[in-house]
Amino acid sequence: MRFWRRILGKTRIEWIRNESISEELQIPSVKSVIEHRQIRLYRHVCGIGEDRVAKKSREARSTGGRPQGRPRGSYMEHIQRLGRGRGKTLTQMKILARERDVWAKWLEAL
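Residues numbered from 1 in each chain as written. Predicted model: local features only at pLDDT ≥ 70, side-chain atom pairs only at ≥ 80, totals over all residues. Heavy atoms only, no water.

Draft legend 1. Just the nonpolar core, in detail. If you look at the biggest cluster of nonpolar residues, it comprises 13 residues, and the most contacted ones within it are Ile39, Tyr42, Ile79, Leu90, Met93, Trp103 and Trp106. Secondary structure elements with two or more residues in this core: helix H3 (30–46), helix H5 (75–85), helix H6 (90–98) and helix H7 (100–109). Residue contributions to this core peak at 4 residues, all from H6. In this structure, Leu90 is in contact with Tyr42, Met76, Ile79 and Gln80, ignoring residues within four places of it in sequence. (Core = buried A, V, L, I, M, F, W, Y, C linked by side-chain atoms within 4.5 Å. Buried < 20%, exposed > 50% of the residue type's maximum accessible area, 1.4 Å probe, protein only. Helix = DSSP H or I, 4+ residues; strand = E, 2+ residues; numbered from the N terminus. Contact = heavy atoms within 4.5 Å.)

Draft legend 2. Representation of unusual backbone geometry. Located in the positive-phi region is Trp15, a residue other than glycine, with phi close to 55°. Overall, the relative accessible area of 78% leaves Trp15 in the exposed class. Here the phi dihedral of Gln26 falls at roughly 60°; this positive angle occurs in a residue that is not glycine. Position of Gln26 relative to the elements: it lies in the loop between helix H2 (18–25) and H3. Relative accessible area serves as the criterion here: at 69%, Gln26 is assigned to the exposed category.

Below, the structure is given as structure tokens:
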């Protein structure tokens, strides 16, 4: 953030929040960049053949009990949550992933 402050000519003494500096320079948040890359990776994983380890592990379900406490979320649950936040269900995302051009347009719109 120090670099961005220097671009604007602001110092820490001026008590300007990091969020306002990011908004002024139109810098995307780290969280949004990571989520965008996770969605982009999902399309790559959808295109992998059925016999590949990555595809099998994505669709696998664990057996047995879990330790006490908050249950861990699965990869597919996370992708489903990201899709819902962008107005798509998991099924719609799978269909979109088959069409490269349509998927690219959808990602650009995010």
